[in-house]
Structures are given as structure tokens and as C-alpha cells.
Amino acid sequence: MTNKEYKERRQTLGLAIAALDKEHLEDREFADGEHVEIDYAWHKRIGVVCGCFIDPFDGSIQYRYHPLRKNGIPAKNTCNTYHGSKITRA
């Protein structure tokens, strides 16, 4: 296989993987702006979903969120859920 053939095949594979990732992310359970409760086993947090990504470890969808302050306003910082954390609607 020549370098050119390799690059073409790799690009084709990359496009197929990107399409698969997009389809997987569109099938997520929680939408942006939704209030959720995240249970980390050692503590719980309530936050507002602001994005998601695919965990390379197991292919699960993990969420980015803004934790809620005590006054109910979302903080500016973002946090991520982790492998094994339980997420429910708040």
C-alpha cells in the first residue's frame, strides 16, 4: 500500500467514525439546558447540562454541566460527569 492509498483509506475511516460519533451524540438522554442531579457515590450535585462528549474508555456519553449555586443560579465554571456517575432529572 502506498502512502497516498493509506491516507485516502484513513480519511474515509475518519469520516465514517465522525458520522457514527455524531449519530451517537444525537441519541443522548439529556439536552442542553436541562436540570440534572449527578450522583458521584461520595456526593450529589445539581447542575445544568451544557454539552456532552463520548468517553474514549467505554464509548458512553458523558455530560458537561454548570453546577447550581445555593441561590439556584448556574455557576460559570463547567464540570464533567465521570464513568459510573448516575444522572437523573432534577
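Here the structure is shown first, and the text comes after it.
What you see is a predicted model, and the numbers here were worked out from it, not measured in a lab. (Residues numbered from 1 in each chain as written. Predicted model: local features only at pLDDT ≥ 70, side-chain atom pairs only at ≥ 80, totals over all residues. Heavy atoms only, no water.)

A. Inspection of the pattern of salt bridges at higher detail. Under the definition given, this model contains 3 salt bridges. Two residues, R89 and E29, come together in a salt bridge whose shortest N-O distance is 4.0 Å. One end of the pair, R89, is in strand β5 (residues 86-89); the other, E29, is in the loop between α1 (3-26) and β1 (35-39), with 60 residues separating them in the sequence. Judged by relative accessible area, R89 falls into the partly exposed class, the value being 49%. Take E29: its relative accessible area is 52%, and that puts it in the exposed class. R89 serves as the salt-bridge partner of E34, at 2.5 Å between the closest nitrogen and oxygen. Of this pair, E34 sits in the loop between α1 and β1 while R89 sits in strand β5, and the two are 55 residues apart along the sequence. When salt bridges that share partners are traced, they join E29, E34 and R89 into one network. (Salt bridge = Lys/Arg side-chain N within 4 Å of Asp/Glu carboxyl O. Helix = DSSP H or I, 4+ residues; strand = E, 2+ residues; numbered from the N terminus. Buried < 20%, exposed > 50% of the residue type's maximum accessible area, 1.4 Å probe, protein only.)

B. Summary view of the nonpolar core. Counting 11 residues, the largest nonpolar core consists of F30, V36, I38, Y40, V49, C52, I61, Y63, Y65, C79 and I87. Among the secondary structure elements, those contributing two or more residues to this core are β1, β2 (44-54) and β3 (61-67). Tallying contributions element by element places β3 first for this core, with 3 residues. Excluding residues that lie within four positions of it along the chain, V36 makes contacts with F30, R45, I46, G47, V49, I87, T88, R89 and A90. (Core = buried A, V, L, I, M, F, W, Y, C linked by side-chain atoms within 4.5 Å. Contact = heavy atoms within 4.5 Å.)

C. Inspection of the pairing of β1 at higher detail. A one-sided burial pattern is seen for β1, the buried positions being V36 and I38 and the unburied ones H35, E37 and D39. In the sheet, β1 pairs with β2 via 5 bridges, with the strands oriented antiparallel. Paired with H35 across the two strands is V48, which belongs to β2. Counting the residues between successive antiparallel strands, the hairpin from β1 to β2 contains 4 residues, one of them, A41, with a positive phi of roughly 80°. In this sheet, β5 lies alongside β1 in antiparallel orientation, the contact comprising 4 bridges. Across the sheet, the residue bridging to E37 is T88, located in β5. (Pairing = 2+ DSSP bridges.)

Just geometry here; none of it tells us what the structure is for.
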